[in-house]
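# Overview (structure and organization)
So the chains spell out like this:
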Amino acid sequence: MRLAARVKQVPASVTLAIAAKAKAMKADGIAVCNFSAGEPDFDTPDSIKEAAKLALDRGKTRYGPAAGEPELRKALANKLQRDNNLNYQAENIIVTNGGKHSLFNLMMATIEAGDEVIIPAPYWLSYPEMVKLAGGTPIIVPTEASNGYKITPDQLRQAINPKTQLFILNSPSNPTGAVYSPSEIRALAEVVVETNVTVVSDEIYEKILYDGAEHLSIGAVSPEAFDRAIISNGFAKSYSMTGWRLGYIAAPVELIQAMSKVQGHSTSNVCTFAQFGAIAALEGSQDPVQKMLDAFTQRRTVMFEGVNAIEGLSCPKPGGAFYLFIDISKFGLTSIEFCSRLLDSQQVAAIPGIAFGDDRCIRLSYATDMDSIQRGLERLRTFVASC
Ligand SMILES: *Cc1c(COP(=O)(O)O)cnc(C)c1O
């Protein structure tokens with residue numbers, strides 16, 4: 001049987017290959033220090049689990065509206081107003097099977113052959129592949145460590161042309177931990193408005209911020225920016241709910257209706273009782289979020305100082321999320337070679353930067369316990385000394 005061309009141009013996930021090998025080693029009884037995780041290592045807060053259990057008991061087990069439970073869409077509108085100063089109604093919101101699915105639906109609803117999507121690199125690895133699956137062309141704009149891995153307004157302006165359909169902004173960033181300051185967001189918003197381009201703002205790490213950093217949603221900058229913004233977010237990272245598959249997009253009604261059509265003919269509604277867990281996450285105490293942030297804050301200090309104390313390694317201080325993006329270019333290895341050898345010789349799992357569009361680097365996640373962090377840093381030091 002012939003496979004579709006759209007699938008052939010999408011590579012298998014480098015991330016998954018390394019993660020699978022680390023898992024296999026672990027299963028063989030080898031003590032792996034795993035810095036490859038792309039998800040918080042905490043359990044979902046009890047209050048959220050209880051709300052989903054209650055929903056099950058109350059019979060919330062049937063098909064629901066494709067765009068999400070009305071109560072959740074309303075709660076999300078409240079959240080966007082409260083946290084982000086964004087004035088949306090329930091009808092401006094679609095609930096999806098995760099942030100990833102939100103973006104996929106969005107591409108299906110907006111991208112045609114010949115359309116360009118601007119993606120600053122390093123990028124979250126699924127962005128370009130989703131654009132390609134939808135038939136569009138990713139336009140990768142490289143950024144530099146010296147600039148904190150952030151796209152500048154000039155770089156954005158230069159990349160925009162009549163074929164540009166979307167610009168994807170991700171702050172805080174996976175994989176670099178970069179956080180755009182409010183003034184940097186305002187400067188990008190100016191270009192967005194001036195060029196009349198649509199910006200997709202992936203804000204999934206908005207709650208994981210350090211040193212008092214402030215998250216400004218680009219849609220909140222001005223009414224003109226609001227009209228050109230699509231806000232993508234989800235529950236996975238803030239509430240440690242990765243397996244629940246809960247994301248959402250807020251955007252003009254016309255786009256939400258288009259995405260609802262895509263969703264209505266593909267996945268339909270997100271698991272009904274899971275959506276009631278999401279309502280509890282939004283409306284219950286936010287203490288669990290703070291607790292997780294406290295743990296990430298401690299680990300981030302240990303990781304950042306530990307890595308930068310190793311001769312030959314360096315990375316910018318992450319302002320958010322739970323990753324370090326480390327320059328390994330001094331060693332003359334590709335990022336895949338570096339990570340494979342690190343795993344084989346020291347049993348430390350890291351993700352090659354090439355997966356995120358930068359072969360000079362590797363990504364270490366600190367969504368793991370402090371003990372593994374300490375041991376892993378020691379092994380990393382030993383490995384680097386042998387390079
Ligand atoms: C984890 C992640 C997402 C979405 O994850 P879901 O589990 O699909 O909700 C989206 N964007 C980035 C940058 C991420 O790291």
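Below is a short write-up of the structure. What you see is a predicted model, and the numbers here were worked out from it, not measured in a lab. (Residues numbered from 1 in each chain as written. Predicted model: local features only at pLDDT ≥ 70, side-chain atom pairs only at ≥ 80, totals over all residues. Heavy atoms only, no water.)

Judged by pairing direction, the sheet is antiparallel, and its 3 strands sit side by side in the order β9-β12-β11 without closing on themselves. Strands with a single pairing partner mark the edges of an open sheet, and in this sheet they are β9 (323-327) and β11 (351-352). The pairing of β9 with strand β12 (residues 361-365) spans 5 bridges and is classified as antiparallel. By the bridge assignment, Tyr 323 is partnered in β12 with Ser 365. (Pairing = 2+ DSSP bridges. Helix = DSSP H or I, 4+ residues; strand = E, 2+ residues; numbered from the N terminus.)

For the structure shown, the criterion picks out 13 aromatic pairs. With a centroid separation of 5.5 Å and an interplanar angle of 80°, the aromatic rings of Tyr 205 and Phe 322 are classed as edge-to-face. Here Phe 322 lies in the loop between α12 (287-308) and β9 and Tyr 205 lies in the loop between β6 (198-202) and α9 (223-227), a separation of 117 residues in the sequence. Residue class for Tyr 205 comes out buried when judged on its relative accessible area of 2%. Both rings, one in Phe 331 and one in Phe 338, keep their centres 5.8 Å apart while their planes meet at 45°; by these two values the pair is tilted. One aromatic cluster is present, built from ring pairs that chain together Phe 42, Tyr 205, Phe 296, Phe 322 and Tyr 323. Looking at Lys 150, its charged tip hangs above the ring of Tyr 180, at a distance of 5.9 Å from the centre. (Phe/Tyr/Trp six-rings, centres within 6.5 Å; stacked < 30°, edge-to-face > 60°. Buried < 20%, exposed > 50% of the residue type's maximum accessible area, 1.4 Å probe, protein only. Lys NZ or Arg CZ within 6 Å of the ring centre and 35° of its normal.)

Okay, the environment of Val 253 next. The residue Val 253 is located in helix α10 (residues 253-264) in this model. For Val 253 and Met 108, which are 145 residues apart along the polypeptide, the C-alpha to C-alpha distance reads 16 Å. Beyond its immediate chain neighbours, meaning those up to four positions away, Val 253 contacts Glu 91 and Asn 92. (Contact = heavy atoms within 4.5 Å.)

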